[in-house]
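# Examining the three-dimensional arrangement
Listed below are the residues making up each chain.
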Amino acid sequence: MPHYPELTMVKFKKTRGAAGGDNSISDSVSELSHDESTVNSGVSSAFRSKFFRGGKNNGTSVSSNGNPARATSKMTAPPSPSPGIMAADRSVASVGTASTSASKSAKVDSHSDRMVKDAKSRFNIGIIYLKTGDYAKAQENLEHSLYCHIQLHGHDGRKYTNDALFAIAGVREKLGECYLANPAVMDKSLAMDHYEESRRLLGTVAAEDAPENIRAMLDRVEWKLKELSTLMPLRSKSNRSTSGRAIRKYQQEGNDKAKALLGLGGVGGVATAVAVDAGTTTVVSTQKGAGSFENQTRKFKRDLKNNIANLVELPIDAVQGIHQGIQQGIQQGILGIQDLTHGICPFNLGPERVAFLNEIAPTLLRKLEIKDRTYRLKTYHTCFVGSEAVDYMIENELASSRSEAVKIGRDLVTMGVIEHVLREHDFKDDFFFYHFKDPAIQKEFEVAISYVERNNHHTALNHLNSMREGGSLKNEYFRAQWVSCMMQVADSALSGAKISLATDAYEAACSVLKEYDDTGPDLKLALRGCIKGHKLIAIQLESMMDYASAIEHRTRVYKLCVDDKIVAACCQLLKIAHLHAADENYAKGAAVLADAIRRLSHGARHLDLEALPTERVNLLCQCQQMRAVCLSKTRKWTEASEQYGELLPLLAKAKGSESRDYNSALIQKAALSVTLKNFQMAHNEVTKYLNFAKYESTDSGPLIVDESDHILALDTCAATYLKIGNINKAIHIFEKKLAFVTTHCDNDEMRSDTMHKLGCLLAYKKQLEAALPLLNEALDVRRCLYDEKSTSVLESMWAVAATTQILGDTDRALREYSVLLDKMDKSDDDFPVSLVLIHNSAGKLFSEKGKVDKATHCFRQALLAAETQEMKVEISLNLANALSANGDEEKAMELYERILKTKSTKQTTLFFLALFNKSHLLIKLGEVAEAKEILHKIIETSSPLADNVKVSGYVTLGNLAISEGKQNEALKYFENSLDAVDDDNVESLVWVKKHIGLTYLVTGRFDKAIDSLQDALEALAAKEGISIDMSKVDVWNLMSRVYKLKGDLSQAKNFAKLALQSSKALLGETNPHTLRHVSNLQLLLLEEAECLRPSECKPIIDAAKFELEDALESFVALDDPWTYRVDIASMKTNLAFIALWQGKPKKARKLLRQIKEIELSPDHSLLPQISLIQERVEELEKKKRK
């Protein structure tokens, strides 16, 4: 697109005679106005100076009638054209003016500043008028603003700065809005033209390069165009081209008033004056036979000079619009072709035609197939075929016919854009070769670079990509220029942190160079840029956890490196595998690493490390180790173990068997061996590490491997010891692990897990006192770390409950089991702890506590969840015992019979237990003979599985003998039970000794009873534990009873006190067992008080009363009156006796009524005492009445 020099706005000052003689009238044109302004002389000089830029002594005035008058004045010289615009090199001073070059430069700068201010102020004024609805004034001001912008920046939108482009597009948008909103304008074609031109300007910048507000502007313009398209549906293509020509008048001429006032087209004005004077139109022709264009120009100048004098005689109205153009033409000397481009366009094409050709030329350059062509054995470089160009213009509606397309081609030849390869033909619709002249091609690259300089990298990239079409890249010179320009775009974008765009640019350069087998330095630079760009993008995506996209870019880097940089390529494969692992796609990671291992191992046989570089060996080790991890994650244990097997010799040779990497891989392989149940191999591998690491002294020395690997080694070692049955060694390893974790790792999760496992092992080895503190601490820590429903917490709760149950702390165990059962009822998910074990253990505990209903419920739930036959039989036996205790003898007997008939239980421990429990049920039902028969069958069996049951059978037969008064026979049974007891089974031994002592107690042989109980205490003294201490409490209680019956109340009190103190320490003061011991001690005190005088016994009785009442309140607070009904009845009976002793029959009778409300069995031992209390109450009441 041609450029036009900037035109100055000149003030004309002419004088002519006036009626007043001395009065002069001046014609002053404002730089800030489109039209002439006539102002009354009364307006202040300050206002005139501000608005018209006139000085106080400029000698201007306005006549009273408002008509301008001619006055003599000096004419200012026009400034030089702006940079980049062709203009005359020399400046000619104005008529009557002798200016220096310094003053001229100052005037040029001042003129540009005024033009910028004028463009801004006119735009703002136009916006105000537009908002107020004064569309005519809005149009004038906006057109003036547009004109100023074009004079400042030229007409080629591709060379605009971003600020200029957006400003001009904004003015176009507001002009379109003005025409659209103006009701006086019926045809909205101009509105559409302005909107389309605004869209075209905004579209020259890629959306990625445009600010957010520019995108919003483009959206508004698009919306307005859609609105206009609905208002103008019948607008034809021919009309569009007409309006297109109309729009260009603002680019080249401005509106009429702007032209008249600002002197647009100086020489054109002169030409118009010549035409007016001559009565004809001067035409400069370029047809054949008319002579050269230079000759026509010289002729035109000569004619112009000859006719200038005629202009003076024209009326003022005729010369108003061309006066300044004459002045400018004279100043420039009308020299050279370039000076004439404003008035008459070169090549006689007209400004609109030139603009159209300048727009279509780059399109043809980019779209036509430009390549080297051969004709008659001669090659013509970088050319296209004329007929193909015609075809393209027809297909893309650049021309309506082939003749019109030929005309366009000939005009391009005339402008010097294209030419015949031999310069022998004009443009023709035939198989002729034409090429673009180098300046035209270079101009396209300059446009791309200009976009880069304005940081419009996306626009530059799009522009260069559009130049690839048409086969132009086949020319080596063009391709080199294109690649160089693309690399500049990429480098600039990369330095500006536009990584994605830079990578695209590098990729484009690479693809072109590879397509044409160009292996020069440019390809290496482009490849390097591609690799760097993809790596940077991958790093960004990895930080955003977009692993899939990061893998794509890493894969591209791998493909770029794989041909000649095998180590770098395999590094990318390793990173890709890590990304797959981060995305939990371990199978793909393993597959990628297999490829990397294959490539890295290529050329090396039998791990010949000398044949491989060091960096390749290290990378190979990393790939093999990562692949083993991925295979482990996919549960391909065997393949993972084999991979570690390949890795270990490689690490041993590369880094040594004492290195960190070697020992870490050795530990991982040992852990896999445990998973594969190859425990001996795992033990050997992990022991090799532990012996070398000297894990016994790791508290003071540094570790060879990471802490996590060392802990894994300890766990693996403990697991191997457990599998081979060495529990003590496993406990030792876990103790070392706990010490290591406590010292080196601030990890409560790992510490609680270690304490839990160690506690479970100690409990398994019957070291319950050592296990319980660890299990309690593990439970407390896990409750702080996890939710109450977590697996870890529930496992710890179950372990604590089971341990405390074995230790005899039934209350604590009952609380933990109750919590577990409650969580099980509320949980819909799979429970982490075995439901069968929990229900079965809880049922046993409830049975011991006398809560038979709850025990029955737990056993039924356990039976429903049981899977194995053995477990079902065991639970059925427990359920039968609970039903028997609950009074449901019939169902209990059915279960016993079913168990005894089960084939899988024949002659097993469960079979003999079922027989024994059936005998107890028969005794309860009164069928003693049948029960004895079963018991004798048990004790006479030779099966070792019945040994434990034999002891119970002998004891039961002894108790039956005692009930029948056969004490000697009972003692024989008890002696036989002692022979059946295992020497290590202290609890069973004590149990038999207690029965022997009771037998001697019944027979009155108190010394024998004491000796038997003393033997039990001696057996218990050798053991420790809560259960042992509880057995001691029971023996002490029996000793108290024996000494009481013997009459030694002092010794009885001593043993009762021992039992009470131990019970309080073990179970607490409110435990039912402790409360019973309180009651026993108080009865002994009351019995002792009966032998004292009333004054001495009163304090003892009062204290006993207080203790008994306190114990009674504790029993009531347990909120289980049925379970503890006998205890409550016994205490109320003792309190009734105290009331009688105190002479309070009313209180005694009240207690008696409460006792009678408690349900007791007909043969209960309390019934005779209750009858005695009733008799004494009646006697005391009779005495009171008398």
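Residues numbered from 1 in each chain as written. Predicted model: local features only at pLDDT ≥ 70, side-chain atom pairs only at ≥ 80, totals over all residues. Heavy atoms only, no water.

### Section: the overall build of the protein
For the record, the criterion: Secondary structure elements follow DSSP: runs of H or I of four or more residues count as helices, runs of E of two or more count as strands, with numbering from the N terminus. Note on classification: 1.4 Å probe, protein chains only; a residue is buried when its accessible area is under 20% of the maximum for its type, exposed when over 50%, partly exposed between these limits. Two residues form a contact once any of their heavy atoms are found within 4.5 Å. Note on areas: these come from Shrake-Rupley sampling with a 1.4 Å probe, and a residue is covered only by the protein chains present in the view.
Each helix and strand counted, the protein has 50 helices and four strands in total. Residue burial in the protein is summarised as follows: out of 1186 residues, 47% are buried. Contacts spanning at least 24 positions in sequence make up 61% of the contacts within the protein whose residues lie at least 6 apart. A total of about 59200 Å² of accessible surface is found on the protein, and carbon and sulfur atoms cover 50% of it.

### Notes on the pairing of strand S1 (residues 371-375)
Here is the rule we go by: Any two strands with at least two DSSP-identified bridges between them are counted as paired.
The sheet contact formed by S1 and strand S2 (residues 378-385) spans four bridges and is antiparallel. Paired with Tyr375 across the bridge in S2 is Lys378. Counted between consecutive antiparallel strands, the loop separating S1 from S2 contains two residues, among which Arg376 sits at a positive phi close to 55°.

### Here we look at a negative patch on the surface
Filter applied, for reference: Residues with no salt bridge and a relative accessible area higher than 30% make up the patches, which join like charges within 9 Å and nonpolar side chains (Val, Leu, Ile, Met, Phe, Trp, Tyr) within 5 Å. What counts as a salt bridge is simple: a side-chain nitrogen of Lys or Arg found within 4 Å of a carboxyl oxygen of Asp or Glu. The positive count covers Lys and Arg only, the negative count covers Asp and Glu only, and His and the chain ends enter neither. A charge is said to be at NZ when it belongs to Lys, at CZ for Arg, at CG for Asp and at CD for Glu.
A cluster of acidic side chains, namely Asp947, Asp982, Asp983 and Asp984, defines a negative patch on the protein surface. Along the chain, the position of Asp982 falls in the loop between helix H41 (967-980) and helix H42 (986-1002).

### Points about the confidence of the model for the protein
Note the threshold: The predictor rates its confidence in each residue with pLDDT, a number between 0 and 100.
Confidence along the protein averages 76 in pLDDT terms, with 78% of residues attaining 70 or more. Segment residues 1-101 is flagged for pLDDT under 50; beyond a separation of four residues in sequence, or across chains, it makes 174 contacts in the model. The model gives residues 307-346 a pLDDT under 50, and that stretch makes 78 contacts with residues more than four places away or in other chains.

### As for the side chain of Lys918
Here Lys918 shows up in helix H38 (residues 909-924). Apart from the residues within four sequence positions on either side, Lys918 is in contact with Met893, Tyr896, Glu897, Leu900 and Ile934.

### Brief notes about the sheet that holds S2
Filter applied, for reference: Here the axes come from fitting lines to C-alpha atoms, over the contacting stretch only for helices, and the angles between their N-to-C directions go from 0 to 180 degrees.
Ordered in space as S1-S2-S4-S3, the four strands form an open sheet in which the pairing is antiparallel. Every interior strand has two partners, whereas the edge strands, S1 and strand S3 (418-420), have only one. Recorded for the sheet is a direction-independent mean angle of 55° between the axes of neighbouring strands. Contacting S1, S2 and strand S4 (433-436), helix H14 (residues 386-395) crosses the sheet at an angle of about 15° to S2.

### Quick word on the pairing of S2
In the case of a regular strand, side chains alternate between the two sheet surfaces. Of the strand pairs in this sheet, S2 and S4 are connected by two bridges, and their pairing is antiparallel. Looking at S4, one finds that Val385 is bridged to Phe433.

### A few points about the packing of aromatic side chains
Heads up, the rule is: Here the aromatic set is Phe, Tyr and Trp, taking the six-membered ring for Trp, and pairing holds for ring centres within 6.5 Å; pairs whose planes are under 30 degrees apart are stacked, those over 60 apart are edge-to-face, and all others are tilted.
Under the criterion given, the structure shown has nine aromatic pairs. With a centroid separation of 5.0 Å and an interplanar angle of 40°, the aromatic rings of Phe427 and Tyr434 are classed as tilted. In terms of burial, Phe427 and Tyr434 fall into one category: buried. Among the aromatic side chains, those forming a connected cluster through ring pairs are Tyr375, Tyr380, Phe431 and Phe433.

### Details of the environment of Phe740
When you line up the elements, Phe740 lands in helix H29 (residues 727-744). Its relative accessible area of 1% is what places Phe740 among the buried residues. Remark: the alpha-carbon pair of Phe740 and Leu714, spanning 26 residues in sequence, is separated by 10.0 Å.

### Quick word on the environment of Leu368
Structurally, the position occupied by Leu368 is in the loop between helix H13 (351-367) and S1. By relative accessible area, Leu368 is classed as buried at 4%. With 21 residues separating them in the primary sequence, Leu368 and Ala389 have C-alpha atoms 6.7 Å apart.

### Thoughts on unusual backbone geometry
At Arg376, a position not held by glycine, the phi torsion is positive, near 55°. If you trace the backbone, Arg376 turns up in the loop between S1 and S2. Backbone geometry at Glu584 places phi at a positive 60°, although glycine is not the residue there. On the secondary structure map, Glu584 appears in the loop between helix H22 (566-582) and helix H23 (586-601). Look at Glu584 and you get exposed, because its relative accessible area is 64%.

### Regarding the nonpolar core
Condition: Buried Ala, Val, Leu, Ile, Met, Phe, Trp, Tyr and Cys residues that are joined via side-chain atoms within 4.5 Å together make up what is termed a nonpolar core.
Counting 196 residues, the largest nonpolar core has Phe384, Phe436, Leu464, Trp482 and Tyr817 as its most contacted members. Counting residues in each nonpolar core, the second largest holds 69 residues, with Ile962, Val992, Ile1010 and Leu1140 among its members.

### With respect to a positive patch on the surface
Taken together, Lys524, Arg528, Lys535, Lys565 and Lys575 make up a surface patch of like positive charges. Relative to the helices and strands, Arg528 is located in helix H20 (residues 521-543). Here Arg528 falls in the exposed class, since its relative accessible area comes to 58%.

### Focus on the environment of Ala693
Residue placement: Ala693 occurs in helix H27 (residues 679-693). A relative accessible area of 16% places Ala693 in the buried class. When the C-alpha positions of Ala693 and Leu703 are compared, they lie 7.2 Å apart, and in sequence the two are 10 residues distant.

### Concerning the packing of helix H30 (residues 748-764) against helix H31 (residues 768-785)
Selection rule: Roughly parallel here means an angle under 35 degrees, roughly antiparallel means over 145, roughly perpendicular means 65 to 115, and every remaining angle is called oblique. By the definition used in this description, the sense in which the near helix is turned from the far one sets the handedness, with an anticlockwise turn below a right angle giving left-handed and a clockwise turn giving right-handed. For this scheme, ten residues count as nonpolar: Ala, Val, Leu, Ile, Met, Phe, Trp, Tyr, Cys and Pro. Four count as charged, namely Asp, Glu, Lys and Arg, and the remainder, Gly too, count as polar.
Where H30 contacts H31, the two axes come as close as 8 Å, and the packing angle between them is 150°. One element, H30, and the other, H31, form an angle in the roughly antiparallel class. Every pair of crossing elements has a handedness; the one defined by H30 and H31 is left-handed. On the side of H30, the interface is formed by Asp748, Glu749, Arg751, Ser752, Asp753, Met755, His756, Leu758, Gly759, Cys760, Leu762 and Ala763, while H31 contributes Leu768, Ala770, Ala771, Leu774, Leu775, Glu777, Ala778, Val781, Arg782 and Leu785. Of the residues belonging to the contact of H30 with H31, the class tally is 13 nonpolar, three polar and six charged.

### Considerations on H14
Taken as a whole, H14 has its buried residues at Gly386, Ser387, Ala389, Val390, Tyr392 and Met393. On the buried face of H14, the contacting elements are H13, S2, helix H15 (402-415) and S4.

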